[in-house]
Amino acid sequence: MEDKLNAICQKLQQSEYKVTPQRQIILKTFLEHATEHLSAEDVFSIVKGQHPDIGLATVYRTLELLADLDVLTKINFGDGRTRYELGQHEAHHHHHMICLGCGRVQEFDADLLESLENILTQKTGFLITDHQLKFYGYCRECAAKSKERSEPDSI
């Protein structure tokens, strides 16, 4: 984790941004919650207990800066909240399944679009640099609850 933090801090400095204690705390939060998709409010809730000097406006500004520098990736799951995750520059893409019942987000790593990207580039000359794939539906638990509610009672 420390190596990744140092690499990100170096990227900030190379882009002529200061590595402030607040930015380090926010970065550490993402490194400690690497599998989660955090909103600004989520980050604020996590850090405010130990660092009450960090305000919500600071969190918003820092997240925008880190997204502009491609340290974080912005994601919209259609729930009105922008979420962020650490940029996955080493791996290709992962995709998301969003439960309409409980709101849980699950990731899957199969990059189903790579061959389609290659075909599109060959046919059109369009250089694809990014894509996002999101599936909306119901997780196993919510689907089971829905099924239980729709089954008639036995007499």
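As the structure is a prediction and not an experimental result, all values here were calculated from the model.

### As for the nonpolar core
Inference 1: Leu27, Phe30, Val43, Val59, Leu63 and Leu72 are the most contacted members of the largest nonpolar core, which has 24 residues in total.
Inference 2: At the level of elements, helix 1 (2-14), helix 2 (21-32), helix 3 (40-48), helix 4 (56-68) and strand 3 (82-86) are the ones that each hand at least two residues to this core.
Inference 3: Leaving out residues up to four positions away in the same chain, valine 59 has contacts with Ile26, Ala40, Val43, Phe44 and Ile54.

### Section: the sheet that holds strand 5 (residues 105-108)
Inference 1: An order of 5-4-6 is seen for the three strands of this open sheet, with the pairing classed as mixed. Of all strands in the sheet, those bounded by a partner on one side alone are strand 5 and strand 6 (134-137). Each strand of the sheet is rotated relative to its neighbour by a mean of 20 degrees, with strand direction disregarded.
Inference 2: Relative to strand 6, strand 4 (residues 95-99) runs parallel, the two sharing four bridges. Bridge pairing in strand 6 places methionine 97 opposite phenylalanine 135.

### Examining the sheet that holds strand 2 (residues 72-76)
Inference 1: Spatially, the three strands line up as an open sheet ordered 1-3-2, and their pairing is antiparallel. Two strands bound the open sheet, and with one partner strand each, they are strand 1 (38-39) and strand 2.
Inference 2: Helix-sheet contacts for helix 4 involve strand 1, strand 2 and strand 3, and the interaxial angle to strand 2 is about 105 degrees.

### As for helix 2
Every α-helix carries 3.6 residues per turn, so stepping three or four residues along brings you back to the same face.
Inference 1: For helix 2, built from 12 residues, the straight-helix expectation of 16 Å at 1.5 Å per residue is met to within 8% by its first-to-last C-alpha distance of 16 Å.
Inference 2: Those residues of helix 2 that fall on the buried side of the exposure criterion are Ile25, Ile26, Leu27, Thr29, Phe30 and Leu31.
Inference 3: For helix 2, the elements touching its buried residues are helix 1, strand 1, helix 3, helix 4, strand 2 and strand 3.

Conventions adopted
Residues numbered from 1 in each chain as written. Predicted model: local features only at pLDDT ≥ 70, side-chain atom pairs only at ≥ 80, totals over all residues. Heavy atoms only, no water. Core = buried A, V, L, I, M, F, W, Y, C linked by side-chain atoms within 4.5 Å. Buried < 20%, exposed > 50% of the residue type's maximum accessible area, 1.4 Å probe, protein only. Helix = DSSP H or I, 4+ residues; strand = E, 2+ residues; numbered from the N terminus. Contact = heavy atoms within 4.5 Å. Pairing = 2+ DSSP bridges. Axes fitted to C-alpha atoms, helices over the stretch in contact; angles between N-to-C directions. Expected span 1.5 Å × (residues − 1).

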